[in-house]
Amino acid sequence: QSCIAMGDDYRKNWKDTVNTTLVHEIAHEWWGNNVTGKDYCDIWIHEGMATYSEALFLEKFLGSDDYNERVKKMIQYTQNKIPIHKVCGVVYNSWTNRPDQDIYSKGGLMMHSLRVLVNDDKLFMNALKQIQMDLAKQNVSSEEMVNKLNELLLDDYSPMLNWYLDEAKPPQLQVKVDKAGGKLYYKWKKEIPLMMRQELSIKKGEKIIMINPSTEFQSVEIYDGEKVRVEIEKGIYFQFDVIDIKE
């Protein structure tokens, strides 16, 4: 990546406390300069990891609520129109093609999802540090990065990582609200890798419940006027697909 730079807007854009663009650009000293993608098709290693570094910085210095807020921002910015790992050997321009900018936010969401699945912050954080030593001053392909993550995280996360890298859309959670029956139905649209580990958090009023979707409809009770929100920022990255339950 060589020289890193940013514009002249040095305002503290995160709650008048942090300039996240500056954090992002500094992160490129590790993700971009120390560990470098082999081809532009692997550029999520630069931009996705630097974007995720923003969330980690906010968590370290401001707390978990700010981490969750940054994850929600990534979700808002993601287009899900083309994969973030594209055809190699082709010239791309992410600064003029809006959907191509998912290399930033969706790359960050992939790492957030991986952290959720690993469910061991010490192991996860140590893996990120070890990558900087093991792959220092190297050009690394997406496949090599996935293999290194699997090695350091002591499990095979390839099916999940390759989903986020190679599919245009993330996992789809189909939902149906039955107001008359007082139930919220949910299921994964199709089987997804490492499904048994993918608990989701739902806030019902002031109560938090955990659900574990499968490819068969399950339900939770809801009451008239009760506020229900899936805390999407606390689980793996997915999209909602609101459907008629008869489908």
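Before any of the text, the structure's been laid out above.
A few points on the structure. (Residues numbered from 1 in each chain as written. Predicted model: local features only at pLDDT ≥ 70, side-chain atom pairs only at ≥ 80, totals over all residues. Heavy atoms only, no water.)

The helix and strand tally for the chain stands at seven helices and nine strands. For 247 residues, the compact-globule estimate of 2.2 N^0.38 gives 18 Å, and the chain sits close to it at 19 Å. Seen through its C-alpha atoms, the chain measures out along the principal axes to roughly 60 × 40 × 35 Å. Long-range contacts, defined here as pairs at least 24 residues apart, represent 63% of the contacts in the chain between residues at least 6 apart. Carbon together with sulfur atoms contributes 51% to the accessible area of the chain, which is approximately 12,900 Å² in total. (Helix = DSSP H or I, 4+ residues; strand = E, 2+ residues; numbered from the N terminus. Rg over C-alpha atoms; globule rule 2.2 N^0.38 Å. Contact = heavy atoms within 4.5 Å. Areas by Shrake-Rupley, 256 points an atom, 1.4 Å probe, with all protein chains shown as cover.)

For the structure shown, the criterion picks out one disulfide. The residue that forms a disulfide with Cys-41 is Cys-88, at a sulfur-sulfur distance of 2.0 Å. Every disulfide takes its handedness from the sign of the S-S torsion; for Cys-41 and Cys-88 that torsion is 75°, giving right-handed. Placement of the pair is Cys-41 in the loop between β1 (35–37) and α2 (44–62) and Cys-88 in the loop between α3 (64–77) and α4 (102–118), with a sequence separation of 47 residues. For Cys-88, a relative accessible area of 42% translates into the label partly exposed. (Disulfide = S-S within 2.5 Å. Buried < 20%, exposed > 50% of the residue type's maximum accessible area, 1.4 Å probe, protein only.)

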